[in-house]
Amino acid sequence: MKMCVKCPRCNDRILLSSDAADRRITCPKCLILFKVPAMEELGEALSAIDGIGGGVFVDGKGNCFG
Ligand SMILES: [Zn+2]
């Protein structure tokens, strides 16, 4: 599964493997280090993806999953 997170500084969306969950990554654009949400924090997103049959879910913070 892939996930994308929104950089807290430049708002760029960064596509990641779900392996990156709960780890720190560096934004390729502005180079700040920030933490990717843990999969456990994504329960709502993951159940929403199940509900729509494998589409992409975007949460209120701009993180999208699918
Ligand atoms: Zn950035």
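A closer look at the environment of Lys-29
- Counting through the fold element by element, Lys-29 comes out in the loop between β3 (24–26) and β4 (33–35).
- When the C-alpha positions of Lys-29 and Ile-14 are compared, they lie 9.3 Å apart, and in sequence the two are 15 residues distant.

What to know about the coordination of the zinc ion
- Only Cys-7 (SG), Cys-10 (SG), Cys-27 (SG) and Cys-30 (SG) from the protein reach the zinc ion as donors, at distances of 2.3 Å.
- For the zinc ion, the four donor atoms in the first shell make angles of 105 to 116 degrees at the metal, a pattern classed as tetrahedral.
- One chain supplies every donor to the zinc ion, and in sequence these donors are spaced C-x2-C-x16-C-x2-C.

Brief notes about the pattern of salt bridges
- Applying the stated criterion to the full structure yields two salt bridges.
- Across the pair Lys-29 and Asp-12 runs a salt bridge, and its minimum N-O distance is 4.0 Å. A residue pair is termed long-range when its members are at least 10 positions apart, and Lys-29 in the loop between β3 and β4 and Asp-12 in the loop between β1 (2–6) and β2 (13–17) qualify at 17 residues.
- Across the pair Lys-35 and Asp-22 runs a salt bridge, and its minimum N-O distance is 2.8 Å. Taken together, the residues Lys-35 in strand β4 and Asp-22 in the loop between β2 and β3 connect sequence positions 13 residues apart.

Concerning the sheet that holds β1
- Pairing is antiparallel in the open sheet, where four strands are placed in the order β2-β1-β6-β5. Either end of the sheet is taken by a strand with one partner, and the two such strands are β2 and β5 (57–58).
- With five bridges joining them, β1 and β2 adopt antiparallel strand pairing. Looking across to β2, one finds that Lys-2 is bridged to Ser-17.

A closer look at the nonpolar core
- In this structure, Val-5, Ile-14, Leu-16, Ile-25 and Phe-34 are the most contacted members of the largest nonpolar core, which totals 15 residues.
- Within the residue set of this core, elements represented by two or more residues are β1 and β2.
- If near-sequence neighbours (up to four positions away) are discounted, Ile-14 is found in contact with Met-3, Cys-4, Val-5, Cys-7, Ile-25, Cys-27, Pro-28 and Phe-34.

About the criteria used
Residues numbered from 1 in each chain as written. Predicted model: local features only at pLDDT ≥ 70, side-chain atom pairs only at ≥ 80, totals over all residues. Heavy atoms only, no water. Helix = DSSP H or I, 4+ residues; strand = E, 2+ residues; numbered from the N terminus. Donors = N, O, S within 2.8 Å, 3.2 Å for Na, K, Ca; no water. Tetrahedral: all angles 85-135°; square planar, octahedral: opposite > 155°, others 65-115°. Salt bridge = Lys/Arg side-chain N within 4 Å of Asp/Glu carboxyl O. Pairing = 2+ DSSP bridges. Core = buried A, V, L, I, M, F, W, Y, C linked by side-chain atoms within 4.5 Å. Buried < 20%, exposed > 50% of the residue type's maximum accessible area, 1.4 Å probe, protein only. Contact = heavy atoms within 4.5 Å.

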